[in-house]
Amino acid sequence: FGEMKPVIVVHGGAGRIFKEREEGSRAGVVRAALQGYGILKQGGSALDAVEEAVRSMEDDPHFNAGCGSVLNEKGEVEMDAIIMDGKNLDSGAVSAVKCIANPIKLARLVMEKTKHMLLTDHGAQLFAQAVGVPETPGEKLITERSWERWKKNLEPDSNPEEFQKDLGTVGAVAIDSEGNVACATSTGGLSNKLIGRVGDTACIGSGGYADNQSGAASTTGHGESIMKVVLARLILYHLEQGMSPEMAADAALDYMKTRVGGLGGVIVVNSSGEWAARFSTKQMSWATVKDEQLHHGIYAGERHTKSVDEALASGSGGF
């Protein structure tokens with residue numbers, strides 16, 4: 001077979017990216033892609049690469065995941081995350097977790113240290129304590145922006161729907177030099193959501209899916225719509241039917257739009273290392289590295305390309 005050329009693709013969420021946050025979103029996805037690729041280049045696993053890329057975005061306040069997550073109706077951060085290994089279909093996920101800086105790390109530990117796939121809320125918290133994941137005070141995860149938005153949404157004439165367009169789930173998919181694929185997705189969910197609401201992110205097949213036989217996908221967008229069509233698994237089904245990643249992504253997004261009126265975005269890598277980043281929303285920040293080339297964009301049809309060396313030389317994001 002020979003060595004597979006490693007590929008990583010990341011997204012920083014589909015929706016509407018406000019002008020003042022555009023540059024931060026670009027820099028954040030580029031940084032995450034370069035960090036994940038660094039792991040792959042040293043012969044690291046797809047699993048480690050997607051976890052690292054997502055952790056990088058959780059720590060970045062520009063995204064609705066980890067630090068910078070949106071607040072629920074009570075003004076708290078409740079986060080969901082999933083990771084999946086395409087080799088044996090192992091997966092780990094957490095939902096409605098609070099006071100943890102990196103839900104994606106906890107999801108990975110659920111996968112590796114328990115017989116279960118999904119732990120929620122208080123149980124996830126107890127597990128985190130048991131495996132020595134440090135607690136982060138809840139207010140440390142709350143940014144000024146999330147706080148302002150939460151207060152705005154409480155006003156009697158507010159329209160929370162307006163704000164939900166700016167979602168910012170984060171995710172990554174990768175294939176490593178051994179041909180293994182993996183996906184990881186993490187989110188703070190919907191602004192002013194009901195307490196205990198779990199969206200697509202923590203649900204296997206919706207927020208993400210990875211299978212070495214076909215590829216890996218990570219999704220973003222309106223969670224309830226994504227769950228209705230099991231979007232990530234639907235994309236892989238299209239790959240299994242022989243579609244290219246781009247065709248598979250477009251077909252699945254198109255079905256979600258026509259069938260349930262839902263908008264979103266997806267990143268895909270197939271088992272031969274072809275990739276796609278597609279979205280039906282106005283925007284989605286994304287970046288990918290393949291063949292030592294970095295590509296990234298936010299708007300439909302937009303694609304910037306430079307060499308990895310050039311990007312690394314010009315600082316974190318390379319702008």
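As recorded by an unreviewed UniProt entry, the chain carries the name Isoaspartyl peptidase/L-asparaginase and is attributed to Rostratula benghalensis. Taken from UniProt, the Sequence similarities (unreviewed entry) comment for the chain reads in full: "Belongs to the Ntn-hydrolase family."

Next up on the list: the packing of helix α2 (residues 46–58) against helix α3 (residues 103–113). Where α2 contacts α3, the two axes come as close as 8 Å, and the packing angle between them is 150°. By the angle between their axes, α2 is roughly antiparallel relative to α3. Here L47, D48, E51, V54, R55 and E58 of α2 come into contact with α3, specifically with P103, I104, K105, R108, M111 and E112. Residues of the contact of α2 with α3, tallied by class, amount to five nonpolar, no polar and seven charged.

As for its position among the elements, S186 is in strand β6 (residues 181–187). Judged by its relative accessible area of 0%, S186 is buried. Look past the residues within four positions of S186 in its chain and what remains in contact with it is V54, E58, N64, A65, D80, A81, P103, T169, V170 and T201.

Side chains of M117, L118 and I204 sit close together on the surface and give an oily, nonpolar patch of about 250 Å² of accessible area. Residue placement: M117 occurs in the loop between α3 and β4 (118–120). Look at M117 and you get partly exposed, because its relative accessible area is 39%.

Strand order across the open sheet formed by nine strands is β4-β3-β2-β6-β5-β1-β11-β12-β13, with mixed pairing between neighbours. The sheet is open, and its two edges are formed by β4 and β13 (304–307), each paired on a single side. Strand-to-strand twist in this sheet, taken as the mean axis angle between neighbours without regard to direction, amounts to 10°. Sheet topology places strand β12 (residues 293–299) next to β13; four bridges connect them, and they run antiparallel. In the strand pairing of β13, Q293 is matched with S307. Where α2 meets the sheet, its contacts fall on β1 (7–15), β2 (79–85), β5 (170–175) and β6, and the angle it forms with β5 comes to roughly 160°.

Formed by 50 residues in total, the largest nonpolar core has its most connected members in I8, V10, I83, L106 and V289. C183, L239, A248 and W275 belong to the second-largest nonpolar core, a separate cluster that totals 35 residues.

Criteria and thresholds
Per chain, the residues get numbers from 1 upward, laid out in the order the sequence is written. The predicted nature of this model means local features are confined to residues of pLDDT at least 70 and side-chain atom pairs, given and counted, to a pLDDT of 80 or more, with totals for whole chains, interfaces and linings taken over all residues. The basis for the side-chain values is all heavy atoms of the structure; hydrogens and waters are excluded. UniProt positions are given in the numbering used here, feature names are shortened, and annotations may be inferred rather than shown by experiment. In this analysis an axis means a line fitted to C-alpha atoms, helices contributing only their contacting stretch, and an angle means the value between N-to-C directions, from 0 to 180 degrees. Elements are defined by DSSP. Helices are runs of H or I of four residues or more, strands are runs of E of two residues or more, and each kind is numbered from the N terminus. Roughly parallel means an angle under 35 degrees; roughly antiparallel, over 145; roughly perpendicular, 65 to 115; everything else is oblique. Whether two residues touch is decided by their heavy atoms; if any such pair falls within 4.5 Å, the residues are in contact. Classification used: nonpolar for Ala, Val, Leu, Ile, Met, Phe, Trp, Tyr, Cys and Pro, charged for Asp, Glu, Lys and Arg, polar for all others including Gly. Between buried and exposed lies partly exposed: a residue is buried under 20% and exposed over 50% of the maximum accessible area for its type, with that area taken using a 1.4 Å probe on protein chains only. Surface patches are defined over residues having more than 30% relative accessible area and no salt bridge, joining like charges when they lie within 9 Å and nonpolar side chains (Val, Leu, Ile, Met, Phe, Trp, Tyr) when within 5 Å. Where accessible areas are quoted, they stem from the Shrake-Rupley method and a 1.4 Å probe; at the residue level, only the protein chains shown are allowed to cover. By convention in these notes, a salt bridge is any Lys or Arg side-chain nitrogen within 4 Å of a carboxyl oxygen on Asp or Glu. Think of it this way: DSSP has to see at least two bridges between two strands before they count as a pair. Throughout, nonpolar core names a set of buried Ala, Val, Leu, Ile, Met, Phe, Trp, Tyr and Cys residues whose side chains join them through atoms within 4.5 Å.

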